[in-house]
Amino acid sequence: DIGGGSRRGGGSGGSSAQRGPITWHRDFQYQNSGNISFSEGMDLAMFNQSTTHRCVYGNVGFNRGVHEWRITVRQRPCCGYVGGARNIEDPANRGDYQRFHDFSTCVGVNNFSGARNGGSDAGTTVGVRLDCDRGTITYITRHGERTENIECSRDMMLYPAIDSDENGHYQIERVGRAKGSL
């Protein structure tokens, strides 16, 4: 438990007003096979040279309130995707970005075109603002802000997610304070 809210576990009825840090979760991954390593503080996920797409997920999920986090590219990948995933406690729900809850609107790192391309050079950032109360997710990239509708449900948590193939290093951090309490 961090900051009095719930962490992974039962995806129903938990608080989403965590005030602690957002980090990557070592135990909830897709296609790791030892190909992903993490910094000691779990805020940096490092994908090796395998071309297989693999995903890592945040350590907290959200189902109400407003939450913001930022993904920073620390080492240029071939390509990657930033988005949100649901019900990842069940391995059957983990997968590449096409299993993201918002796969049709997520942001690409060195892929997609126009406003959906966040860039890929080291230092590139993708900000994410999830407003469960309004049912929106906003991506902040070098192109500005783009807001999309997203279903938020009290009985399902939405987790930060990154899908990457070879060589990408991604740092995650909370931006601002969580808004919306129990």
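Residues numbered from 1 in each chain as written. Predicted model: local features only at pLDDT ≥ 70, side-chain atom pairs only at ≥ 80, totals over all residues. Heavy atoms only, no water.

Caption draft 1: Broad picture of the sheet that holds strand 7 (residues 107–109). Here five strands make up an open sheet; going across it, the order is 1-4-11-6-7 and the pairing antiparallel. Of all the strands in the sheet, just strand 1 (24–30) and strand 7 have a single pairing partner and so form its edges. Mean inter-strand twist for the sheet, computed between neighbouring axes without regard to direction, equals 35°. Direction of pairing for strand 4 (residues 54–58) relative to strand 11 (residues 158–164): antiparallel, over a ladder of four bridges. Bridge pairing in strand 11 places Val 56 opposite Ile 162. (Pairing = 2+ DSSP bridges. Helix = DSSP H or I, 4+ residues; strand = E, 2+ residues; numbered from the N terminus. Axes fitted to C-alpha atoms, helices over the stretch in contact; angles between N-to-C directions.)

Caption draft 2: Structural view of the pattern of salt bridges. Throughout the structure, instances matching the rule amount to five salt bridges. We note a salt bridge from Arg 129 to Glu 145, for which the minimum N-O separation is 3.5 Å. Linking Arg 129 in strand 8 (residues 125–131) with Glu 145 in strand 10 (residues 144–149), this pair joins segments that are 16 residues apart in sequence. Judged by its relative accessible area of 54%, Glu 145 falls in the exposed class. Linking Arg 146 and Glu 148 is a salt bridge whose minimum nitrogen-to-oxygen distance equals 2.9 Å. If you follow the salt bridges from partner to partner, you end up with Glu 68, Arg 129 and Glu 145 in one network. (Salt bridge = Lys/Arg side-chain N within 4 Å of Asp/Glu carboxyl O. Buried < 20%, exposed > 50% of the residue type's maximum accessible area, 1.4 Å probe, protein only.)

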